[in-house]
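Notes for the structure review
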Amino acid sequence: MIIDVPEGKDPIGYVWGEMVPGIGVAASNFSLSVYSHSTLGLREFEAARLRIAQINGCLFCMDWRTERDGVKVEPEFADAVTNWRTTDAFDERTRLAAEYAERYTTDHHNLDEDFWHRMLARYSQAEVVELSMSIGSWLAFGRLNHVLGLDSVCVLPGHTGNR
């Protein structure tokens, strides 16, 4: 981690809340609103979120699983996201969410007419905007956490994986 965090301080809370409170708190509120106000299905949401996490390399984000009403995606879901082009675990909306996340992150200049035709056949314009804002949040903040090394010191409650 490249940021000096005072002894006894939570790294995420310190960096996001105390170091730059005018920006960090607003960024945190935006990030939390993506989870609190999403109207997207859990599988679509998680396919896009996990694809961004995989591309960013954010350890914390890759470990996280969004929960809605006590439900999370199955443990094999992350592998399906990695293989979004060929997996049989996804319906078309979920596959498109993973594709959009990848292309938004790595090739946004080439989101062509064919892609938008396929996307708008399955998603409303409001859903596309919501997914775009969510992807933007995950891209920015997951990358920030990884670049600053926060993802290597923040551990999910109950996390049993290795870091």
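This structure is a prediction, so every number in the text was calculated from the model and none was measured.

A short note on the side chain of glutamate 130
Structurally, glutamate 130 is set in helix α8 (residues 125-147). Although glutamate 130 is buried, it makes no salt bridge; arginine 68 carries the closest opposite charge, 6.1 Å away. For glutamate 130, the side chain forms a polar contact with the main-chain nitrogen of leucine 40, separated by 3.4 Å. Setting aside chain neighbours within four positions, we find glutamate 130 in contact with His37, Ser38, Thr39 and Leu40.

Re the nonpolar core
Ranked by internal contacts, the top residues of the largest apolar core, which has 29 residues, are Met119, Tyr123, Leu131 and Ile135. By residue number, the principal contributor to this core is helix α3 (residues 42-56), which donates six residues. Apart from the residues lying within four places of it in its own chain, the contact partners of methionine 119 are Leu96, Tyr100, Val128 and Leu131. Ranked by size, the runner-up nonpolar core spans seven residues in total, among them Val15, Ala27, Phe141 and Leu150.

Structural notes on the layout of surface pockets
Taken as a whole, the largest pocket holds about 460 Å³ of empty space. Forming the boundary of the largest pocket are 18 residues, of which Ser31, Leu32, Tyr35, Phe60 and Asn145 lie nearest the centre. Contributions of two or more residues to the lining of the largest pocket are made by α1 (11-19), α2 (21-36), α3, α4 (59-63) and α8. Here the lining of the largest pocket takes five residues from α8, the largest share from any one element. Its residues assigned to classes, the lining of the largest pocket comprises eleven nonpolar, six polar and one charged.

Looking at the packing of α2 against α8
Think of two packed helices as two axes; the pair is described by the angle between the axes and how far apart they sit. At a closest axis distance of 10 Å, the pairing of α2 and α8 adopts a crossing angle of 130°. By the angle class used here, α2 and α8 are oblique. Crossing hand, α2 versus α8: left-handed. Taken together, the residues of α8 that come into contact with α2 (itself represented by Ala27, Phe30, Ser31, Val34 and Tyr35) are Met133, Ser134, Ser137, Trp138 and Phe141. Partitioning the contact of α2 with α8 into residue classes produces seven nonpolar, three polar and no charged.

Examining the pattern of salt bridges
In this structure the tally under the stated criterion is twelve salt bridges. As a salt-bridge pair, arginine 103 and aspartate 112 come within 3.8 Å of each other at their nearest N and O atoms. In the salt-bridge network here, residues are joined through shared partners; they are Glu99, Arg103, Asp112, Asp114 and Arg118.

Cut-offs used in this document
Residues numbered from 1 in each chain as written. Predicted model: local features only at pLDDT ≥ 70, side-chain atom pairs only at ≥ 80, totals over all residues. Heavy atoms only, no water. Helix = DSSP H or I, 4+ residues; strand = E, 2+ residues; numbered from the N terminus. Buried < 20%, exposed > 50% of the residue type's maximum accessible area, 1.4 Å probe, protein only. Lys, Arg positive; Asp, Glu negative; His and termini not counted. Salt bridge = Lys/Arg side-chain N within 4 Å of Asp/Glu carboxyl O. Polar contact = N/O pair within 3.5 Å; in protein donor to acceptor, adjacent residues only side chain to side chain. Contact = heavy atoms within 4.5 Å. Core = buried A, V, L, I, M, F, W, Y, C linked by side-chain atoms within 4.5 Å. 1 Å grid on protein atoms, 1.4 Å probe; cavity = no way out; pocket = protein on both sides within 12 Å on 5 of 7 lines; lining within 4 Å. Points joined across faces, edges and corners; volume = space filled by probe spheres on them. Nonpolar A, V, L, I, M, F, W, Y, C, P; charged D, E, K, R; others polar. Axes fitted to C-alpha atoms, helices over the stretch in contact; angles between N-to-C directions. Parallel < 35°, antiparallel > 145°, perpendicular 65-115°, else oblique. Left-handed = near helix turned anticlockwise from the far one by under 90°.

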